[in-house]
Protein chains: 2
Amino acid sequence: MTRTPNAAELAAWRAFLAAHARVTETLEKELEEAAGLPLGWYDVLVQLDESEAGRLRMHDLARAVLLSRAGLTRLVDRMCAAGLVAREACESDRRGRFVALTAAGREALHRAAPAHLAGVYEHFSAHLSPAQAESLRAVLERVLAAQPLRH
Amino acid sequence: MTRTPNAAELAAWRAFLAAHARVTETLEKELEEAAGLPLGWYDVLVQLDESEAGRLRMHDLARAVLLSRAGLTRLVDRMCAAGLVAREACESDRRGRFVALTAAGREALHRAAPAHLAGVYEHFSAHLSPAQAESLRAVLERVLAAQPLRH
DNA sequence: ATACTATAGTTGCACTGGCAACTATCGGAG
DNA sequence: CTCCGATAGTTGCCAGTGCAACTATAGTAT
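All figures in this text were calculated on a predicted structure; none of them were measured in a lab. (Residues numbered from 1 in each chain as written. Chains lettered and ligands numbered in written order. Predicted model: local features only at pLDDT ≥ 70, side-chain atom pairs only at ≥ 80, totals over all residues. Heavy atoms only, no water.)

(A) Molecular detail of the protein's contact with DNA strand D. Taken together, 21 residues lie around DNA strand D, and Ser 68 of chain A together with His 59, Thr 73, Arg 87 and Arg 95 of chain B are the ones closest in. Considering DNA strand D, the proportion of its atoms within 4 Å of the protein that are sugar or phosphate atoms stands at 65%. In this structure, a phosphate oxygen belonging to DNA strand D sits 3.0 Å away from a side-chain N or O atom of Arg 78 of chain A. A distance of 3.1 Å is found between a base nitrogen of DNA strand D and a side-chain nitrogen or oxygen belonging to Arg 74 of chain B. Among the elements of the structure, α4 (69-81) of chain A together with α3 (58-64) and α4 (69-81) of chain B are those that each provide at least two residues to the surface near DNA strand D. For the surface near DNA strand D, the per-class residue count stands at four nonpolar, five polar and twelve charged. (Near = heavy atom within 4 Å. Polar contact = N/O pair within 3.5 Å; in protein donor to acceptor, adjacent residues only side chain to side chain. Helix = DSSP H or I, 4+ residues; strand = E, 2+ residues; numbered from the N terminus. Nonpolar A, V, L, I, M, F, W, Y, C, P; charged D, E, K, R; others polar.)

Printed below as a string of structure tokens:
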């Protein structure tokens, strides 16, 4: 028989949900206002910028940005149209496509990043002591690692 | 000049985003499968069940479930159609409407709750020591309290 | 080589959610 | 009492997302 959360655990869970909703909402609006960039676009730019060659396969990118592959296809469509990324053929596997950062994409990221990171600090990190940040990371990575794999 | 997150703080933030996405995704699917109930519906049922009279004004309910009032109108439409809640007139303020739990709604909640709470335990609480749960709650409530008020 | 199964990515469709505009009502100022 | 700004809720419209179905290609067994 599995346990259910006790009062303290349930309160933590609810705070987790509420904090996530509010903080992402705030950051989304700030980023939109400061750089005209939705949070999902920023996330894609970051993932590409951090990758080896500045490009990733759709499948890997979808995993990284927590979006279904269908959703990512549309997101990349929009970002291609905006000139921030470009699709490239994959020679070694002709089913695949790369999504690559363009110069404009890299520039948009570098323009948006300082304000966004300042927002992450102000609305999130500022409320954590160094020990709490480390504890939070450890706990949440444990939670994450325990999730059932998708597909 | 505002700070930006250091490496540990950024890792905590990313773990926060990823853990939220994965855990809610898992719980959503489990609840849907076990009770045919989207997470948003469950949340509405819980809020109403915990309220004084088993009913709330749209405005208050919208705040509680982290949804815009427009979004809530549609959600309540669907739940009314399903018979889980009913709209009631508000005598003291004729602009307002109450949303009230029906018998079917209360029953759906009580049928869904055990499995859902077990899921919250399994996918979230189980990975927290009592001290960590308490620390997490405190930190996240502090983060939450610091958010700019909406409207 | 052939066939069979698995995987990468895209598309049709339906659903959900937000914004802005709208109606109805409230509450205070003159 | 009347007007006027504020508030509650709904609706039109549109953007974003997932699921399932589809096409194309890869990998594997015979």
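(B) Looking closely at the packing of helix α2 (residues 39-50) of chain B against α4 of chain B. Residue and element names in this part refer to chain B. It is the contact of α2 with α4, at a shortest axis distance of 11 Å, that shows an interaxial angle of 85 degrees. With respect to α4, the axis of α2 lies roughly perpendicular. Mapping the contact onto sequence places Gly 40, Trp 41, Val 44 and Leu 45 in α2 and Leu 75, Arg 78 and Met 79 in α4. Tallied by class, residues from the contact of α2 with α4 come to five nonpolar, one polar and one charged. (Axes fitted to C-alpha atoms, helices over the stretch in contact; angles between N-to-C directions. Parallel < 35°, antiparallel > 145°, perpendicular 65-115°, else oblique. Contact = heavy atoms within 4.5 Å.)

(C) Local environment of helix α1 (residues 7-35) of chain B. Taking 1.5 Å per residue as the helical rise, α1 of chain B with its 29 residues ought to reach 42 Å, and the 41 Å between its terminal C-alpha atoms agrees with that figure. The N-terminus of α1 of chain B is capped by Asn 6 of chain B, whose side-chain oxygen sits 3.1 Å from the backbone nitrogen of Ala 8 of chain B. (Expected span 1.5 Å × (residues − 1).)

(D) Up close: the packing of aromatic side chains. Throughout the structure, instances matching the rule amount to seven aromatic pairs over all chains. Members of the aromatic cluster, joined through ring pairs, are Trp 13, Phe 16 and Phe 124 of chain A together with Trp 13, Phe 16 and Phe 124 of chain B. The lysine or arginine in question, Arg 55 of chain A, covers the ring of Phe 98 of chain A, its NZ or CZ lying 3.8 Å from the ring centre. (Phe/Tyr/Trp six-rings, centres within 6.5 Å; stacked < 30°, edge-to-face > 60°. Lys NZ or Arg CZ within 6 Å of the ring centre and 35° of its normal.)

(E) Representation of the protein's contact with DNA strand C in the model. In the region of DNA strand C, 20 residues are neighbours, and His 59, Arg 87 and Arg 95 of chain A together with Ser 68 and Arg 78 of chain B sit closest. For DNA strand C, the backbone makes up 62% of the atoms found within 4 Å of the protein, where backbone means sugar plus phosphate. Between a base nitrogen of DNA strand C and a side-chain N or O atom of Arg 74 of chain A, the distance comes to 3.1 Å. The contact in question runs from a base oxygen of DNA strand C to an N or O atom on the side chain of Arg 95 of chain A, over 2.8 Å. Split by residue class, the surface near DNA strand C holds four nonpolar, five polar and eleven charged.

(F) Geometry of the interface of chain B and chain A. Contacts between chain B and chain A engage 50 residues on the former and 50 residues on the latter. Of the roughly 5,500 Å² buried between chain B and chain A, counting both surfaces, carbon and sulfur atoms make up 72%. Inspection of the chain B/chain A interface yields two salt bridges. For Arg 14 of chain A, the salt bridge is made with Glu 50 of chain B, and the minimal N-O distance between the two is 2.9 Å. (Buried area = accessible area lost by both parts, 1.4 Å probe. Salt bridge = Lys/Arg side-chain N within 4 Å of Asp/Glu carboxyl O.)

(G) Looking closely at the nonpolar core. Residues Phe 16 and Phe 124 of chain A together with Phe 16 and Phe 124 of chain B are the most contacted members of the largest nonpolar core, which totals 30 residues. Put simply, the parts of the chain that give this core at least two residues each are α1 (7-35) and α6 (130-145) of chain A together with α1 and α6 (130-145) of chain B. Apart from the residues within four sequence positions on either side, Phe 124 of chain A is in contact with Gly 119 and Leu 136 of chain A together with Glu 9, Ala 12, Trp 13, Phe 16 and Val 143 of chain B. (Core = buried A, V, L, I, M, F, W, Y, C linked by side-chain atoms within 4.5 Å. Buried < 20%, exposed > 50% of the residue type's maximum accessible area, 1.4 Å probe, protein only.)

Shape is all these values report; function is a separate question.
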